[in-house]
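Here is what each chain is made of, one letter per residue.
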Amino acid sequence: MYKSYEDAYRRSLDDREGFWSIAGGAITWDKKWDKVLDDTKAPFYRWFAGGRMNTCYNALDYHVENGRSDQAAIIYDSPVTGIVSKITYKELLDKVSSFAGVLKSLGVEKGDRVVIYMPMIPEAAVSMLACARIGAIHSLVFGGFAPNELAVRIDDAKPKVMLSASCGIEPKGAIPYKPLLDKAIDLSKHKPEKCVIFQRPQVKADLTPGRDIDWMEALGAATSAECVTVEATDPLYILYTSGTTGIPKGVVRDNGGHAVALKWTMKNLYGVEPGDVYWAASDVGWVVGHSYIVYAPLLYGCTTIMYEGKPVGTPDPGAFWRVISDHNVKVLFTAPTAFRAIKKEDPNGDYIKKYDISCLKYLFLAGERLDPDTYHWASDLLSIPVIDHWWQTETGWGIAANCMGIEELPVKAGSPTKPVPGYDVRIIDENAKEVPNGSEGIIGIKLPLPPGCLPTLWQNDDAYISSYLSDYPGYYATGDGGYKDEDGYIYIMGRVDDVINVAGHRLSTGGMEEVVATHPDVAECAVIGVEDKLKGQVPVGFVVLKAGAARSPEDVSKEVVGMVRSEIGALACLKDITVVARLPKTRSGKILRATMRKIADGGEVKVPSTIEDPAVLGEIEEALKGIGYPRT
Ligand code: COA
Ligand code: AMP
């Protein structure tokens, strides 16, 4: 279809409407769009304006009507519970239609929000698709988040109904979800009318009379619901992601542009065909799970895998190879941290020899920087293309990648290759002026963003503008810094804000600081992201105690770790806290976090000219040494 990567890329920018109108032809529309790209309210762009469709129809009914009834839509593989099950497209359609009926019977209508707090079980996908079927807007919250984080999201999304399960399964055992859900609803100002709870055999949840409903009982009483037609521009979901403060951003995804873009990526970016088995080893609570566990593979008629396990420990570092071999996986998509975890436990790749994984054609990695060591290790081990691709919750699909279905470009380790068609990626300076190739700057995407990217933040157009569009007029600011080399390859050097990536999970150090600062003995604090061999980054906290603090530094450190765990969640992984006499600051009082990061990473430290007292850097170095940093 495209002559080359260059051809596809140029066409996507020179004739945006022509390019995406062809891609739009792959979706079944109830009514064709009036305008491919409506820019009348720029910078609020709308794709496929005037079009009407249903995402669930395109993901399920369409395939059942076109010969895929008996093909597995979902393979659920849960190594800790020992369950492996297959759900065909027809079975999934029946489950989703029935559950959409449950939602309707609870009064959920088009535009209503439904918050989903679910582990990696097929009912999570059923919940999402059932919402899509009736035009309700879902908002998933990752199971590792603590009640307080869930409460913040409930208050912003204001769901009519919540969907959850009695527990999640971690290698260390079952994690009861219902007490977390109850606590979150206690904490939130907004109270959902009903909660539907899927009881898993490992843990039985106590149901609150009058509010909670047993999933299976509700299904028994339900009549199935048909697809509701929605505007292409109507929201499909809200996904909260970390910004620079403790208040998460409600990224909105529309229906039409999202379906078009995701379906396009399956062939063009990932190189798969309908009927292939596609496995995104992530979690439905993250954007990768939304896009590539649920929507994209189903829109394209693939079989998707829901794996409720880890790369290691469930039961061993051969877990991924076992799943690939058992289920004939063609494409694996995961985070580099998963490969680092496997490499740590099985450096010689002995476990892979136990399985025939000749079905695997591509490994895609994203979510954090793919360090060259991990790239080479994975590439040597698998002898297939290992593709680093760069994207974020806001875009919903790859911004830079080596597009396997268009043209395989030479790989440069450390680079996610070139911009994906649709994205006009530029490296700019603080005045929004482009910098020459080879120079580092802010990575901006020239507006408009392609279909599928966030049209705004949930009920907060102003925050959309101030977070992403106002600093560099004409550009969407990605929050990442980096450069392009002489061949136009992009290199991502990391976030330019206070967002960190811990084991592929996006977290806000600002949010952690807000929690630490509430400790009664803490006068001041800073949390920074430090390089970590396994998780990519981990947070490290610095605490200045109030004069006459009641507790010892050791006790405060322990308590602060516990507070972050219970307020944000175990996934925050804030384990290292050091008590210092003061923090390094500029003369105007700004904490020099970037300098602290450099010291912790063992990099070359340039003393900032604006520093109030350079001697404090030596104190920070000593304090970090005391807790084992830099980790060389
Ligand atoms: N529900 C409840 N708790 C959860 C959870 C969930 N869904 N997911 C994680 N947690 C908890 C863990 O139990 C752990 O708690 P602990 O501190 O009491 O042990 C904590 O959060 C950190 O978990 P995790 O990040 O999984 O770290 P780990 O050390 O257990 O495992 C890896 C390390 C690398 C194996 C793991 O992070 C991994 O598989 N990463 C892949 C990342 C990924 O898929 N990212 C998605 C983006 S593509
Ligand atoms: P999230 O929104 O959780 O997907 O996190 C997005 C952020 O993760 C990006 O802004 C980057 O900082 C980082 N990221 C994602 N993919 C890559 C990649 N391939 N290389 C480097 N950083 C990445």
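Anything mentioned here points back to the structure above.
So, how was this worked out
Residues numbered from 1 in each chain as written. Chains lettered and ligands numbered in written order. Predicted model: local features only at pLDDT ≥ 70, side-chain atom pairs only at ≥ 80, totals over all residues. Heavy atoms only, no water. Helix = DSSP H or I, 4+ residues; strand = E, 2+ residues; numbered from the N terminus. Rg over C-alpha atoms; globule rule 2.2 N^0.38 Å. Buried < 20%, exposed > 50% of the residue type's maximum accessible area, 1.4 Å probe, protein only. Near = heavy atom within 4 Å. Polar contact = N/O pair within 3.5 Å; in protein donor to acceptor, adjacent residues only side chain to side chain. Areas by Shrake-Rupley, 256 points an atom, 1.4 Å probe, with all protein chains shown as cover. Salt bridge = Lys/Arg side-chain N within 4 Å of Asp/Glu carboxyl O. Contact = heavy atoms within 4.5 Å. Nonpolar A, V, L, I, M, F, W, Y, C, P; charged D, E, K, R; others polar.

In this section: the overall build of the protein. Scanning the protein from terminus to terminus reveals 18 helices and 31 strands. Taking 2.2 N^0.38 as the reference for a compact globule, 632 residues should give roughly 26 Å; the C-alpha atoms of the protein span a radius of gyration of 24 Å, in line with that estimate. If one aligns the C-alpha atoms of the protein with their principal axes, the spans along those axes are about 70 × 60 × 55 Å. The 632 residues of the protein split such that 61% are buried.

Next up on the list: the site of ligand 2. Among the 14 residues in the neighbourhood of ligand 2, the closest are listed as His389, Thr393, Asp480, Arg495 and Arg506. Contact between ligand 2 and Asp480: an oxygen atom at 2.6 Å from a side-chain N or O atom of the residue. At 3.0 Å, a side-chain N or O of Asn501 approaches an oxygen atom of ligand 2. Out of a free accessible area of 490 Å², ligand 2 has 94% covered by protein chains.

According to the stated counting rule, one finds 38 salt bridges in the structure shown. Asp276 is paired through a salt bridge with Lys330; the nearest N and O atoms lie 2.9 Å apart. Residue Asp276 is found in the loop between α9 (256-268) and β16 (277-280), and its partner Lys330 is found in the loop between α11 (319-327) and β18 (331-334); the two are separated by 54 residues along the sequence. The same class applies to Asp276 and to Lys330, which are both buried. Members of the salt-bridge network, linked through shared partners, are Lys178, Asp182, Arg211 and Asp212.

Inspection of the secondary structure assignment puts Val516 in helix α15 (residues 509-516). On the basis of relative accessibility, which here comes to 2%, the residue Val516 falls in the buried class. It is 5.8 Å that separates the C-alpha atoms of Val516 and Val560, two residues lying 44 residues apart in sequence. In this structure Val516 touches Val522, Cys525, Val527, Val543, Val560, Val564 and Leu574, once residues within four positions along its chain are discounted.

Ligand 1 sits among 23 residues. The nearest are Glu170, Lys172, Lys310, Pro311 and Arg565. At 2.6 Å from an oxygen atom of ligand 1 is found a side-chain nitrogen or oxygen belonging to Lys172. The separation between a nitrogen atom of ligand 1 and a polar side-chain atom of Tyr177 is 3.4 Å. In the complex, 82% of the free accessible area of ligand 1, which totals 940 Å², lies under the protein chains. Residues that form the shell around ligand 1 fall into these classes: eleven nonpolar, six polar and six charged.

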